Amino acid sequence: MKNSRTIAVRLSSYILKLANRENCKEILDSPLPLLYNTGENLKEERFPSRPGAGEKGAKSVDYILKNAMILTGGAFRSADISVAEGRIVSISGALEAPSGVPVIDLHRAAVFPGFVDVHVHLREPGFSYKETIRTGTLAAARGGFAHVCPMPNLDPVPDCPENLAPQLDLIGRDAAVHVHPYGAISRGERGERLADLAGLAPHVAGFSDDGRGVQSRDLMRRAMLGAKELGRIVAAHCEDNRLLQGGYIHDGPYARLHGHRGICSESEWGPIARDLELAEETGCRYHVCHVSTRESVELIRRAKARGVDVTCETAPHYLVFTDMDIQEDGRFKMNPPIRGELDRAALLRGVADGTIDMVATDHAPHSWTEKSKGLEKSAMGVVGLETAFSALYTHLVRKGALTLEQLVALMHGNPTRRFGFGTPLAEGEPADLTVFDLGETYTVDPGQFQSMGRATPFAGQTLYGVCKLTMVGGKIVWREEGV
């Protein structure tokens, strides 16, 4: 057992560095800021990004972004953005670049605050054949994300500070964006004994046993009481194992037509109903992961009306597809499964009326072998970081189901308010931002992904919205060719 001083040192080693990868189109090799993760805010220690930047009287501007389009009050306005020492210095109509400062012409592309994904799987430590911190965060950067929260179904499971430390070491060494890990609810995610919640709390975004549902009401109640005392969120994967009965896709028309075993909706909404009662009783800040059924939406809507401190997320594939869109391919298999048309309609209503607070990708990469065994035998999970914004912009915003402001709120504003990280696109704020050409299309080709995962239901689709550039802490972590 390592002594507490050693663990504390390892837990504070959030030195984010830009990572190189063979297929990355352009990654600048300047170091990112030194970050200390307190579990609440990232405290930044800045260093001059180029010679002379910290000298008295010297120009400290690092970049000028020309011809940006900023979304304000439902409309775009043209502006230039200057970035210096990791922060946005100015957003104004026309900026002159000091001598020697790089100028990037955005050609009237849209600039958004860097997106926040509160539910991803980066697979390290333990499963680096599926994904690594480096490849997963490069995928995040390419998708416009500045902050991601990886789930704790790892090896070792981060159920105590000693088991969290290896993950933080990898994040400090390899991450290209801000990474806020979850700690486990239970030891080994086995649902039997509580994890060391107090020891984990200063270093995690919240507590989750994602990948497995907490089956015990008593254990979940004690977890909520502990999280309440520690000021942390419980983010629940809601699944009743007693109702699964070997199912692997939605228990709907497609399953019956093609002879597949289905997963009933109650396996999700039943545990949500239980947890909402417990959240109301304990006062815990409760978050429901990957909501997929109409019953779940209605339960959460009613709980919010009663004043329960609950938020929830859904994923792009649940908002776009129904079970009748499924093909006999592992890229359509995830947990929970893609549901029916009535469920999708209820999710869209929940997004529109604020019942559903945010979109999270549940980015869950697996190896080609694990995803090449058809619907029945492929592993559960699909990737989504690189397609989330463009898929929702194409299928929902351009078709009038959502406004662009609503989409940005789902991917930035709402998760920022709930989880406490992410920053607005404003002067004086950290330069965590992303640039999209909303008029440019591309065809989803998983072979071009930064992620090691290739399974996506969006493969082959033509989508609007190409991520041209992403900055984290004022450093370029993704840059499309030609920008």
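Refer to the structure printed above.
Analysis parameters
Residues numbered from 1 in each chain as written. Predicted model: local features only at pLDDT ≥ 70, side-chain atom pairs only at ≥ 80, totals over all residues. Heavy atoms only, no water. Helix = DSSP H or I, 4+ residues; strand = E, 2+ residues; numbered from the N terminus. Salt bridge = Lys/Arg side-chain N within 4 Å of Asp/Glu carboxyl O. Buried < 20%, exposed > 50% of the residue type's maximum accessible area, 1.4 Å probe, protein only. Pairing = 2+ DSSP bridges. Phe/Tyr/Trp six-rings, centres within 6.5 Å; stacked < 30°, edge-to-face > 60°. Lys NZ or Arg CZ within 6 Å of the ring centre and 35° of its normal. Right-handed = clockwise from strand over helix to strand, strands pointing away.

### Section: unusual backbone geometry
P125 follows E124 through a cis peptide bond whose omega is 0 degrees. Positionally, P125 belongs in the loop between strand 9 (115-120) and helix 2 (133-142). The omega angle of the peptide bond from D155 to P156 is 5 degrees, so this bond is cis rather than trans. Phi angles above zero are rare outside glycine, and R108 is one such case at about 65 degrees.

### Describing the pattern of salt bridges
Counted by the stated rule, this structure contains 22 salt bridges. R217 serves as the salt-bridge partner of E277, at 3.1 Å between the closest nitrogen and oxygen. Here R217 lies in helix 5 (residues 217-230) and E277 lies in helix 7 (residues 266-282), a separation of 60 residues in the sequence. With relative accessibility at 40%, the residue R217 sits in the partly exposed group. The closest approach of N and O atoms between R306 and E280, which form a salt bridge, is 3.2 Å. Placement of R306 in helix 8 (residues 294-306) and of E280 in helix 7 is noted, with a sequence separation of 26 residues between them. Taking the relative accessible area as the measure of exposure, R306 reaches 46% and is therefore partly exposed. One network of salt bridges, with partners in common, ties together E298, R301, R302 and D353.

### With respect to the sheet that holds strand 12 (residues 206-207)
The pairing of strands in a sheet comes from backbone hydrogen bonds and takes either a parallel or an antiparallel form. The strand order 12-13-16-17-18 describes an open sheet built from five strands, whose pairing is parallel. Each having just a single partner strand, strand 12 and strand 18 (358-359) make up the two edges of the open sheet. By the bridge criterion, two bridges tie strand 17 (residues 310-314) to strand 18 in an arrangement that is parallel. Bridging across to strand 18, E313 finds its partner in M358.

### A few points about the packing of aromatic side chains
One pass over the full model with this rule turns up 11 aromatic pairs. Between F115 and F436, the aromatic rings sit 6.0 Å apart at their centres with planes inclined by 35 degrees, giving tilted as the arrangement. Residue F115 is found in strand 9, and its partner F436 is found in strand 19 (residues 433-443); the two are separated by 321 residues along the sequence. Given a relative accessible area of 0%, F115 falls into the buried group. Among the aromatic residues, ring-to-ring pairing joins F112, F115, F145, F389, Y393 and F436 into one connected group. For the cation-ring pair, R398 lies above Y464, with the distance from its terminal atom to the ring centre recorded as 3.5 Å.

### A word on the pairing of strand 16 (residues 285-288)
Here strand 13 (residues 233-236) runs beside strand 16; their pairing, made up of four bridges, is parallel. Bridging across to strand 16, V234 finds its partner in Y286. In this structure, strand 16 lies alongside strand 17, joined through three bridges in parallel fashion. In the sheet register, H287 faces strand 17, and the bridge partner there is T311. The β-α-β motif built from strand 16, the intervening helix 8 and the parallel element strand 17 has right-handed crossover chirality.

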